[in-house]
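Structural characterization, general
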Amino acid sequence: MTSMTGPKPSLRQKLSGLSGEALKFGLVGLSGVVVNFAVFWFCMNSLGLATLRSNIAATLVAIATNYLGYRYWLYKDRDASSRKREITLFLLFSGAGMLIETGVLGLSEYGFGFDGDLQKFAAKTLGLAIGTVFRFFSYRTWVFKALPELAEPTAPAATVPAAAQPPVTEQPEYAR
């Protein structure tokens, strides 16, 4: 039995949907960037924390705010049946993104000696950009999975009424 599904979307339709999703992802991410940089600046200048500690604290706060935007706005139509799995994967991939961002910042400051405020913010921005690309594809692929599309119901196989079928004739004994 074959199942009938609707026509597959064209590459243009897929890219159009992806660009709309990327725009919304960017808006949620932008709010997270504002939170991230504000907390980073506060931790370094008001609390006197070291650069990498300030970055980790800022990124953790931004991860929490971003989750709310992704779950309840961008990916609100995605499968939420296993919230524990979703949060676990979100934290895992967010942590990997944080390691990317912190790694770029650490390499900049401790590897290249760029320890000025502008240099720190430039390195943080670069690390955040690389981490964001990683997060976008991992969130949409593994964390906020799309609900499976329902296939259109298939029509039952056509049957020929018994009256329309040719009569079955017995073969003579010698023909068997």
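Relevant structure appears above.
Right, let's walk through the structure included here. All chains use their own residue numbering, which begins from 1 and follows the written sequence. Per-residue local features are limited, in this predicted model, to residues with pLDDT of at least 70; the limit for side-chain atom pairs, both in listing and counting, is 80 or more; totals at the level of whole chains, interfaces and linings are taken over all residues. The side-chain figures draw on all heavy atoms in the structure; neither hydrogens nor water molecules are used.

This part is about the pattern of salt bridges. Any two side chains of opposite charge can pair, given that their charged atoms come close. For this analysis, a salt bridge means a side-chain nitrogen from Lys or Arg found within 4 Å of a carboxyl oxygen belonging to Asp or Glu. For the structure shown, the criterion picks out two salt bridges. Glu-86 serves as the salt-bridge partner of Arg-71, at 2.5 Å between the closest nitrogen and oxygen. Of the two residues, Arg-71 is situated in helix α2 (residues 51-74) and Glu-86 in helix α3 (residues 83-111); the sequence distance between them amounts to 15 residues. Each residue's exposure class comes from its accessible area (1.4 Å probe, protein chains only) as a fraction of the maximum for that residue type: buried when under 20%, exposed when over 50%, partly exposed otherwise. Exposure remark for Glu-86: the relative accessible area of 1% places this residue in the buried category. Here Glu-101 and Lys-124 are joined by a salt bridge, their closest N and O atoms 2.4 Å apart. Taken as a pair, Glu-101 in helix α3 and Lys-124 in helix α4 (residues 117-143) lie far apart in primary sequence, 23 residues in all. The buried category is assigned to Lys-124, whose relative accessible area is 0%. A helix here means a DSSP run of H or I that spans at least four residues, while a strand means a run of E at least two residues long, and both kinds are numbered starting from the N terminus.

Glancing now at the nonpolar core. In a soluble, globular protein the nonpolar side chains are often hidden away together inside. Among buried residues, those of type Ala, Val, Leu, Ile, Met, Phe, Trp, Tyr and Cys that are joined through side-chain atoms within 4.5 Å constitute a nonpolar core. Ranked by internal contacts, the top residues of the largest apolar core, which has 13 residues, are Phe-25, Tyr-70, Tyr-75, Phe-90, Tyr-139, Val-143 and Phe-144. Contributing elements (two or more residues each) for this core: α1 (11-45), α2, α3 and α4. Tallying contributions element by element places α2 first for this core, with four residues. Here a residue-residue contact requires only that any non-hydrogen atoms of the pair lie within 4.5 Å. Beyond its immediate stretch of four places on either side in the chain, Tyr-75 contacts Glu-21, Phe-25, Tyr-70, Phe-136, Arg-140 and Phe-144. Core analysis: the second largest hydrophobic core is formed by eight residues, Phe-37, Met-44, Leu-105 and Leu-128 among them.

Our focus in this paragraph is the packing of α2 against α4. Only the stretch in contact is used when a helix axis is fitted, and all axes are lines through C-alpha atoms; the angle between N-to-C directions ranges over 0 to 180 degrees. Packing of α2 against α4 leaves a shortest axis separation of 13 Å and a crossing angle of 35°. Relative to α4, the crossing made by α2 is right-handed. When α2 is examined against α4, the residues Thr-51, Asn-55, Thr-59 and Tyr-70 are found in contact with a partner set consisting of Lys-120, Lys-124, Arg-135 and Tyr-139. Residue type decides the class: Asp, Glu, Lys and Arg count as charged, Ala, Val, Leu, Ile, Met, Phe, Trp, Tyr, Cys and Pro as nonpolar, and the leftover types, Gly among them, as polar. Residue composition of the contact of α2 with α4, grouped by class: two nonpolar, three polar and three charged. The hand of a helix crossing depends on one turn: near helix anticlockwise from the far one by less than a right angle means left-handed, and clockwise means right-handed.

What follows covers the environment of Ile-87. Within the secondary structure layout, Ile-87 lies in helix α3. Along the primary structure Ile-87 and Tyr-67 are separated by 20 residues, whereas in three dimensions their C-alpha atoms are 8.5 Å apart.

Here Glu-109 is to be found in helix α3. Buried and unpaired, Glu-109 has Lys-120 as its nearest opposite-charge partner, separated by 4.2 Å. At 2.9 Å, the side chain of Glu-109 forms a polar contact with the side chain of Thr-51. Charge counting treats Lys and Arg as positive and Asp and Glu as negative, with His and both chain ends excluded. In protein, a polar contact means a hydrogen-donor-capable atom and an acceptor-capable atom, both N or O and within 3.5 Å, with residues adjacent in sequence counting only if both atoms are side-chain atoms; elsewhere, any N or O pair within 3.5 Å suffices.

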